[in-house]
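Spelled out, the chains give:
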Amino acid sequence: MDNKHTRTRVVKRRRKKKLRKRAYFILIPALVLFLALGYFTYLYTKADSVFSDSYQDDGREKSDLRETKVDPNIDNVSVLIMGVDENDHRANEGSSRTDALMVATLNKDDKSVKLVSIPRDSYVYIPEVGYETKINHAHAYGGPQATIETVENLLEIPIDYYVKVNFHAFVDVVDALGGITAEVPYEFTESNSMDKKGAIHLMPGEQELNGEEALALARTRKLDNDIERGKRQQDLIKAVVRKAASAGSVLKYDDVIEAVGENMVTNMNFDEMKSFISYGTSGSQLDIETLTLEGHDYQPAGTYYWQLDQTSLANTKLLLQQHLELSGSSTANEDSTSQTTESTEANTSASAS
């Protein structure tokens, strides 16, 4: 009898354990899903709030080079990225120059991005003032609008959106992600984001960099030139994108959103920003092709400029126009080559006289 009762209790205990296990198998995934949905709802709400505060109407319904307003959900678009060295201790808000200038074109069909770095000392025509000088002066003359007009005139493509960030954003984003992996080409010392000289000292080789170190690598050009500097900036942006897209960074998005929002101004509203998520969730690694504008040193009257190579510039224009699938790309490129050749000849003649 006792044996019978004992077996019955054992059977009941086993059944209870099985029921508890089943409950765990159901409840734990449900709880994880609930928490995940809650977290992403929180992130969505926070991003909406933070990035909406970063929005600034630039007074343009569309680029003058567009016939109609673009919809980034269905259209290929371009984004001008301006890195400015604005901060409180410099007291230069509104009068700063661009220290980094890039144009990204995004093709919606193949989810690809072309990222062009424009050397800061490029000798170009600035419509805001009506003469040629360094392209990084455009922002000091007329802010984002003057920079947009200058880049549109240079590359002959519409600039649909712009994003202006100061260097604190870059530092804070890299730190929020827990650092990035990058290749340091040589030993150097550089100022930090608060202009403290020699604060950053890096040795050559691939290594983990924090925000200040990554910024120093992005800014330095003591041992090379603006072209190599632009390439480093492109590589660092790709490193940030890779780190942000990794599964381990999901729980860091809160800090990333905060870091970007506090240091960014853009003419993109939150709905337009959301359309770019598809480029990073297309099922394959984001295809980013980096380009730069070739040229040579040019130093009239003791002032240094980067004189753009007109053949390389014409090829880059055509490549971007085709990536955006603009109509009449070939014709536009031929006209551009003719105009830039005439402009170069005129400048050479004027300098000689």
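Residues numbered from 1 in each chain as written. Predicted model: local features only at pLDDT ≥ 70, side-chain atom pairs only at ≥ 80, totals over all residues. Heavy atoms only, no water.

Undergrad: An account of the side chain of arginine 219 is needed here, citing residue identities and associated values.
TA: Checked against the element boundaries, arginine 219 lands in helix H4 (residues 211-219). With a relative accessible area of 13%, arginine 219 lands in the buried category. A distance of 3.4 Å separates a polar side-chain atom of arginine 219 from the backbone oxygen of asparagine 192. (Helix = DSSP H or I, 4+ residues; strand = E, 2+ residues; numbered from the N terminus. Buried < 20%, exposed > 50% of the residue type's maximum accessible area, 1.4 Å probe, protein only. Polar contact = N/O pair within 3.5 Å; in protein donor to acceptor, adjacent residues only side chain to side chain.)

Undergrad: Can you break down the environment of serine 63 residue by residue, with the values?
TA: Along the chain, serine 63 turns up in the loop between helix H1 (2-54) and strand S1 (77-84). Once the C-alpha coordinates of serine 63 and tyrosine 161 are considered, the two residues, 98 residues apart in sequence, prove to be 8.8 Å apart. For serine 63, the contacting residues outside a window of four places in its chain are Glu152, Pro158 and Ile159. At a separation of 2.6 Å, a polar atom in the side chain of serine 63 contacts the side chain of glutamate 152. (Contact = heavy atoms within 4.5 Å.)

Undergrad: Could you give an account of a negative patch on the surface, with specific residues and numbers?
TA: Where like charges cluster on the molecular surface, the negative patch consists of Asp109, Asp110, Asp287 and Glu325. Within the secondary structure, aspartate 287 sits in strand S12 (residues 287-292). Owing to a relative accessible area of 44%, aspartate 287 belongs among the partly exposed residues under this scheme. (Patch = residues over 30% accessible without salt bridge, like charges linked within 9 Å, V, L, I, M, F, W, Y side chains within 5 Å. Areas by Shrake-Rupley, 256 points an atom, 1.4 Å probe, with all protein chains shown as cover. Salt bridge = Lys/Arg side-chain N within 4 Å of Asp/Glu carboxyl O. Lys, Arg positive; Asp, Glu negative; His and termini not counted. Charge placed at Lys NZ, Arg CZ, Asp CG, Glu CD.)

Undergrad: Can you lay out the packing of aromatic side chains for me, pointing to particular residues and giving the numbers?
TA: Applying the stated criterion across every chain yields a total of six aromatic pairs. Seen from their ring centres, tyrosine 186 and phenylalanine 188 are 6.0 Å apart, and the 75° between their planes marks the pair as edge-to-face. A residue is classified by how much of its surface remains accessible, and tyrosine 186, at 15% relative accessible area, is buried. Given the relative accessible area of 5%, phenylalanine 188 is considered buried. With a centroid separation of 6.2 Å and 40° between ring planes, the pair formed by tyrosine 298 and tyrosine 305 is classed as tilted. You'll find tyrosine 298 and tyrosine 305 in the same group, each marked buried. Among the aromatic residues, those joined into a ring-pair cluster are Tyr123, Tyr298 and Tyr305. (Phe/Tyr/Trp six-rings, centres within 6.5 Å; stacked < 30°, edge-to-face > 60°.)

Undergrad: Quick one: what's the story with unusual backbone geometry, residue by residue and with numbers?
TA: Within the chain, alanine 301 stands out as a residue other than glycine whose phi angle is a positive 55°. Within the secondary structure layout, alanine 301 lies in the loop between strand S13 (295-298) and strand S14 (305-308). Accessibility expressed as a relative area gives 85% for alanine 301, which makes it exposed. Even without being glycine, glutamate 325 reaches a positive phi, approximately 55°. Along the chain, the position of glutamate 325 falls in the loop between helix H9 (310-323) and helix H10 (329-352).

Undergrad: I'd love a proper account of empty space enclosed by the protein, names of residues and values included.
TA: One pass over the structure, following the stated rule, counts one cavity of 30 Å³ or more. When its volume is computed, the largest cavity comes out at roughly 50 Å³. Asp99, Ala100, Leu101, Ser117, Ile118, Pro119, Arg120, Asp226, Arg229, Gly230 and Gln233 together form the lining of the largest cavity. Among the elements of the structure, strand S2 (98-107) and helix H5 (226-245) are those that each provide at least two residues to the lining of the largest cavity. (1 Å grid on protein atoms, 1.4 Å probe; cavity = no way out; pocket = protein on both sides within 12 Å on 5 of 7 lines; lining within 4 Å. Points joined across faces, edges and corners; volume = space filled by probe spheres on them.)

Undergrad: Account for the sheet that holds S1, with residues named and values stated.
TA: The strand order S11-S6-S1-S2-S3-S12 describes an open sheet built from six strands, whose pairing is mixed. Since the sheet does not close on itself, it has two edges, and those belong to strand S11 (264-266) and S12, each with one partner. The average angle at which neighbouring strand axes cross in this sheet is 20°, direction not considered. Note: strand S6 (residues 161-166) against S11, three bridges, orientation antiparallel. When the sheet's bridge partners are listed, lysine 164 is paired in S11 with valine 265. Along the sheet, helix H2 (residues 138-155) makes contact with S1, S2 and S6, crossing S1 at roughly 140°. (Pairing = 2+ DSSP bridges. Axes fitted to C-alpha atoms, helices over the stretch in contact; angles between N-to-C directions.)

Undergrad: Before we move on, can you summarise the nonpolar core with the specific residues and values?
TA: Membership of the largest hydrophobic core comes to 48 residues, with the highest contact counts inside it found for Phe51, Leu106 and Phe276. Of all the elements, helix H3 (residues 167-176) adds the most residues to this core, at six residues. Setting aside its immediate chain neighbours within four residues, phenylalanine 51 contacts Ile257, Val260, Gly261, Met264, Phe270 and Met273. Among the nonpolar cores identified, the runner-up in size contains 25 residues, and Leu101, Val151, Leu155 and Trp306 belong to it. (Core = buried A, V, L, I, M, F, W, Y, C linked by side-chain atoms within 4.5 Å.)

Undergrad: An account of the environment of phenylalanine 51 is requested, with residue identities and associated values reported.
TA: With respect to the secondary-structure elements, phenylalanine 51 resides in helix H1. The spacing of phenylalanine 51 and methionine 264 is 213 residues in sequence and 8.4 Å in space, taken between C-alpha atoms.

These results come straight from atomic positions and should not be treated as a statement about function.
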